[in-house]
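# Fold and contact review
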Amino acid sequence: MNSVNIITLGCSKNTVDSENVAGRLAAAGFKVYFDRRHNDCDTVVVNTCGFIGDAKEESVNVLLEQIEAKRFFNRRHARDGRQRQLVAVGCLVERYRNELRPEMPEVDAWFGVHEWNEIITRIARETSSTRATSPTSSTRTSSPARQLSTPRHYAYLKISEGCNRSCSYCAIPLIRGRHISRPIETLVAEARQLVANGVKEIILIAQDTTYYGLDLYGRRRLGDLMEQLATASGAQWIRLHYTYPTSFPVDAIEVMRRHDNICNYIDIPLQHINSRILSSMQRGIDREGTLALLQRMRDRLPGVSIRTTLIVGYPGESEAEFEELKQFVREARFDRMGCFAYSPEEGTPAEALGDPVSEDEKTRRVGELMALQEQISLERNEARIGQIYRVLVDRREGDFYIARTEYDSPEVDDEVLIPVPHTPGTAAPLHIGEFYTVRITRAMENDLMAELV
């Protein structure tokens, strides 16, 4: 009784939203879980994603799965009177609530991305627990600490909401609205609280982190924010995600140079390299500008790990333009790379261009790019054999501890596998969430083997 299971789909920005809701629910007396398999809660909240076609399909499928679980729960508890409420929230709901509601009447409530207070009120009102129906005064007058769904040693810090960009293929501004930066002092205070609770790595996220501050301070202040976090938060690692190539704040690069606790890592979705396609995508940058930015990053940050994502099958992408993209990947030799097949989104400028590249052709192009990147990743990893790195241990799986270097972000990048010693007395067990020094002994496309130094 008095329990809530939050299932989060999509990006790390959704993760932070779910964690903020969980913190408020916990302060109001609820026991909160983040476990898709947990099946004995009175309330299930599905935080949906509406970014691209595959993500929307997954969100719908999870809602259907939870409708069936709700039916089973209600039948099982028919005699004791417990009835589950199922709540859908997030991006998919924001865009398609009116279409989804009549198709899924078993969902008890629908809330978009700006209705977090209403979610708390709804869950509290419907619960049978008097402890939860009346949140304490402290929860009404302040924001309770987030309840992390990540391992306690790393956390995402969402520095802004919404987006002011006009990328032709992207529906996020239609879903999340205009860019709203959070004040530097608020973010530093949250980071300090996270560190006080055991967080060692803070990952900066937003729809566009490089736009940070322009709306609030009249100029881009990502560099200032990173400076404050590096000197005042106490975090041992600070990592930068979701940067945007146009008008990249170069002072942020200089801040990274000065501080050892800022990871030598930049996540920068480039989407394409062909100037015609970049123009159609409304990215605000062309081939030459992209190449110049990458060169500047590598010149000023020797050894920087660059992660990017690319889109293939954009309307009108010719075979020659795809070959140009492949050659770019060969020459740029990204440390990490992801690739998406273009998905037409309702209400975006690109929707008017149609979807002339076939799904089979998109699949082929994704496969070719990723095969190329796997070879590059293998070659880069093989060059690391014998080198010594500081790693952060994320978890244990079977006979291995799973760790990461500063050049790898959790869940999306390479991992370092450290064998668990089985001979008594040979070595002390490693601790999750602690740093260790290792030597790389073997390389694979997406993983490294290592031994303790």
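Residues numbered from 1 in each chain as written. Predicted model: local features only at pLDDT ≥ 70, side-chain atom pairs only at ≥ 80, totals over all residues. Heavy atoms only, no water.

## A short note on the confidence of the model for the protein chain
Caution applies to low-pLDDT regions: their predicted coordinates should not be interpreted in detail. In this model, the protein chain carries a mean pLDDT of 92, and residues with pLDDT of at least 70 account for 95%. Per-residue pLDDT stays below 50 along residues 129–141; that stretch engages in 17 contacts with residues further than four places along the chain or on separate chains. (pLDDT = per-residue confidence, 0-100. Contact = heavy atoms within 4.5 Å.)

## Re unusual backbone geometry
A positive phi is found at Ser 247, a non-glycine position, where the angle reads about 55°. Considering the arrangement of structural elements, one finds Ser 247 in the loop between β10 (237–240) and α11 (250–258). For Ser 247, a relative accessible area of 43% translates into the label partly exposed. A positive phi angle, near 75°, is found at Gln 271, a position not held by glycine. (Helix = DSSP H or I, 4+ residues; strand = E, 2+ residues; numbered from the N terminus. Buried < 20%, exposed > 50% of the residue type's maximum accessible area, 1.4 Å probe, protein only.)

## Structural notes on the sheet that holds strand β12 (residues 305–312)
With parallel pairing, the six strands of this open sheet are ordered in space as β6-β9-β10-β11-β12-β13. Each having just a single partner strand, β6 (154–158) and β13 (336–341) make up the two edges of the open sheet. Adjacent strand axes in the sheet meet at a mean angle of 20° when their direction is disregarded. Pairing between strand β9 (residues 201–205) and β10: four bridges, direction parallel. Bridging from a neighbouring strand, Leu 204 pairs with Leu 240 of β10. The strands touched by helix α8 (residues 184–196) within the sheet are β6 and β9, with β6 carrying the most contacts at an inclination of about 170°. (Pairing = 2+ DSSP bridges. Axes fitted to C-alpha atoms, helices over the stretch in contact; angles between N-to-C directions.)

## A closer look at the packing of aromatic side chains
Counted under the stated rule, the structure contains five aromatic pairs. Relative to Phe 334, the ring of Phe 328 has its centre 5.5 Å away and its plane inclined at 75°; by these criteria the two rings are edge-to-face. The pair formed by Phe 328 and Phe 334 is uniform in burial state, with each residue classed as buried. In this structure, Lys 13 packs its charged tip against the face of Tyr 242, placed 3.8 Å from the ring centre. Residue placement shows Arg 404 over the ring face of Tyr 154; its charged tip is 5.5 Å from the ring centre. (Phe/Tyr/Trp six-rings, centres within 6.5 Å; stacked < 30°, edge-to-face > 60°. Lys NZ or Arg CZ within 6 Å of the ring centre and 35° of its normal.)

## Some remarks on the sheet that holds strand β4 (residues 85–90)
The strand order across the open sheet built from five strands is β2-β1-β3-β4-β5, with neighbouring strands paired in parallel fashion. Two strands bound the open sheet, and with one partner strand each, they are β2 (31–33) and β5 (109–111). Between one strand axis and the next, the sheet turns by 20° as a mean value, whatever way the strands run. Relative to β2, strand β1 (residues 3–8) runs parallel, the two being bridged by three bridges. By the bridge assignment for β2, Ser 3 is matched with Lys 31. Packed on one face of the sheet, helix α3 (residues 91–103) meets β3 (43–48), β4 and β5 and runs near 125° to β4. In this fold helix α4 (residues 116–126) packs onto β1, β3, β4 and β5, with an angle of close to 175° to the strand it touches most, β4.

## Some thoughts on the environment of Ile 159
Residue position: Ile 159 is located in the loop between β6 and β7 (160–161). Classification of Ile 159 by relative accessible area gives buried; the value is 0%. When the C-alpha atoms of Ile 159 and Asp 208 are compared, they prove to be 9.3 Å apart, with 49 residues separating the residues in sequence. When neighbours within four sequence positions are excluded, Ile 159 is seen to be in contact with Ser 181, Arg 182, Leu 187, Leu 204, Ile 205, Ala 206, Thr 209, Tyr 212, Leu 222 and Leu 225.

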